[in-house]
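Tertiary structure, described
This is what each chain is made of:
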Amino acid sequence: MKILIKNGHIIDPANKVDEMLDILVSDGKIAKLGKPGSLSADNAQVIDAAGRLVVPGLIDMHVHLREPGFEYKETIATGTAAAKAGGFTSICCMPNTNPVNDNRSITEFILSQARDAAARVYPIGAITKGSKGEELAEMGELHAAGCFAVSDDGKPVMNASMMRRALEYSKIFDMLIISHCEDSSLSGTGVMNEGVVSTALGLRGIPRAAEDVMTARDISLAELTGGRLHIAHVSTAGSVRMIRDAKARGVKVTAETCPHYFTLTDEAVRGYNTMAKMNPPLRTADDVAAIKQGLKDGTIDAIVTDHAPHGMDEKSGEFDYAPFGIVGLETSLGLTLKLVNDGILTLSDLVTRMSTAPARILKSNGGTLSAAAVADITIIDPNLEWTVDASQFKSKSKNTPFNGWKLKGKAVQTMVGGRL
Ligand SMILES: [Zn+2]
Ligand SMILES: [Zn+2]
């Protein structure tokens, strides 16, 4: 099976390619790139990509797929269909399912459910058993079963000594430790960012320091142990500053943020809007500016969604009781293209943050259009104007604060291993 993608604007930062080229795909791999019209199309299906961007398949390092245990919110099938619709060829799924992915049998279950899924799924194992923070999970077993990374995401690892040991063990298996940075003694029962808006609304606040304290701790532990640390969903100017400083000193730390943290502030919570309730919470304009700067200068390596599906009945309750989180797979690319249209990122930066860097951090396949690489390719129409309509999402859940937003640019074709 051969596919020829013609006349597209190829952006492949891993190979410093940013030009008009044709790509020939054969047997699930990238066979050849050449000047427009130079590749023979014998027996190949031809895709005309004129006016389109052709980029390495987008990779989302931070997704909650909810299976096993919460299939009414999302399944591996619906979550990967949403991923494909959003332009993602690979996604990592967090372990806070029921049961928690803290052992080989759950990892193998996820991988078997994902075998025929619309996108590749990389399961992330738990750092501690049941993500309870009491006892380390068997990292070697999780690694052997196919996990590249471990995290207790959804919860912090509050015990610093436990995190130290996790970072030490991680070096044996070259696993990535992904930290949900939140000091729960500071976040307490807070439901939104602590500041003028929380005061005005009479809601309990989560100070930015709840994130910053843990970012500082984990950077220190990464420095102490030499383990590979990845800071999840950066939401504060303080975290950006500390990560920038740590990188300058050579600490093995990488970081991600989500579109909502560079698009919205805590003002979105006004009216007790539960669609603006997430953890970490939406912050202030100063934080948004720092995150944009961090994305621009590379302090923040990756853009992820933290796709967190919840039922509408759960999300439509009282603000205090509504669960944290929003879906993101089908809006992430459009919201990130807005940063390009606003002149903050280049297209090459976007592809780096959404594909090249995640592949490098995960040490996974994909993230490049090199010859012989897997044919994971996203074709984007950068000029397509569209309106977010959550009722049309492939995701089972519709909890998004972006419903009705007008966006420019959308994935029009997502190829996984040469399959459209
Ligand atoms: Zn988290
Ligand atoms: Zn998460």
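Heads up: the structure comes first, above all this text.
For the structure given in this document, a descriptive report is provided here. (Residues numbered from 1 in each chain as written. Chains lettered and ligands numbered in written order. Predicted model: local features only at pLDDT ≥ 70, side-chain atom pairs only at ≥ 80, totals over all residues. Heavy atoms only, no water.)

**With respect to the nonpolar core**
- With 100 residues, the main nonpolar core has Ile-91, Val-121, Ile-127, Ile-177, Ile-231, Leu-295 and Leu-333 as its most contacted residues.
- Those residues in contact with Ile-91 that sit more than four places away from it in its chain are Asp-60, Val-63, Leu-65, Gly-79, Thr-80, Ala-83, Arg-120, Val-121, Tyr-122 and Leu-329.
- If you look at the next biggest cluster of nonpolar residues, it comprises 16 residues, including Ile-10, Ile-377, Ile-379 and Met-415. (Core = buried A, V, L, I, M, F, W, Y, C linked by side-chain atoms within 4.5 Å. Buried < 20%, exposed > 50% of the residue type's maximum accessible area, 1.4 Å probe, protein only. Contact = heavy atoms within 4.5 Å.)

**Considerations on the packing of aromatic side chains**
- On inspection of all chains with the given rule, the structure shows two aromatic pairs.
- Ring geometry for Tyr-122 against Phe-148: centres 5.0 Å apart, planes inclined by 40°, an arrangement best described as tilted. Linking Tyr-122 in strand β8 (residues 120-123) with Phe-148 in the loop between α3 (139-145) and β9 (149-151), this pair joins segments that are 26 residues apart in sequence.
- In this structure, Lys-277 packs its charged tip against the face of Phe-319, placed 5.5 Å from the ring centre.
- Over the ring of Trp-386 we find Lys-410; its NZ or CZ atom is 4.7 Å from the centre of that ring. (Phe/Tyr/Trp six-rings, centres within 6.5 Å; stacked < 30°, edge-to-face > 60°. Helix = DSSP H or I, 4+ residues; strand = E, 2+ residues; numbered from the N terminus. Lys NZ or Arg CZ within 6 Å of the ring centre and 35° of its normal.)

**Thoughts on the packing of helix α8 (residues 237-248) against helix α10 (residues 285-297)**
- It is at 8 Å that the axes of α8 and α10 come closest, and there the two elements cross at 30°. What the angle tells us is that α8 and α10 run roughly parallel. You can see that α8 and α10 cross each other, and the crossing is left-handed. Counted together, Ala-237, Val-240 and Arg-244 of α8 and Asp-286, Asp-287, Ala-290, Ile-291, Gln-293, Gly-294 and Asp-297 of α10 form the full contact between these two elements. (Axes fitted to C-alpha atoms, helices over the stretch in contact; angles between N-to-C directions. Parallel < 35°, antiparallel > 145°, perpendicular 65-115°, else oblique. Left-handed = near helix turned anticlockwise from the far one by under 90°.)

**Points about the coordination of the zinc ion (ligand 2)**
- Binding of the zinc ion (ligand 2) to the protein goes through His-62 (NE2), His-64 (NE2), Asp-153 (OD) and Asp-306 (OD), at separations of 2.0 to 2.2 Å.
- Around the zinc ion (ligand 2), the four donor atoms are arranged such that angles at the metal cover 85 to 171°; this shape is classified as irregular.
- When the donor residues of the zinc ion (ligand 2) are listed from N- to C-terminus, their spacing reads H-x1-H-x88-D-x152-D.
- The exposure class of Asp-153 is buried, given its relative accessible area of 3%. (Donors = N, O, S within 2.8 Å, 3.2 Å for Na, K, Ca; no water. Tetrahedral: all angles 85-135°; square planar, octahedral: opposite > 155°, others 65-115°.)

**Re the pattern of salt bridges**
- Throughout the structure, instances matching the rule amount to 20 salt bridges.
- Note that Arg-283 is salt-bridged to Glu-211, the shortest N-O span being 3.8 Å. Linking Arg-283 in the loop between α9 (259-263) and α10 with Glu-211 in helix α7 (residues 209-225), this pair joins segments that are 72 residues apart in sequence.
- For Arg-283, a relative accessible area of 3% puts it in the buried group.
- Accessibility expressed as a relative area gives 2% for Glu-211, which makes it buried. (Salt bridge = Lys/Arg side-chain N within 4 Å of Asp/Glu carboxyl O.)

**Examining the sheet that holds β9**
- With parallel pairing, five strands are arranged side by side in an open sheet as β9-β10-β13-β14-β15. What marks the edges here is a single partner per strand, and that holds for β9 and β15 (302-303).
- Strand direction decides the pairing type here: β9 and strand β10 (residues 176-179), joined by three bridges, are parallel. Bridge assignment links Val-150 to a residue of β10, and that residue is Ile-177. (Pairing = 2+ DSSP bridges.)

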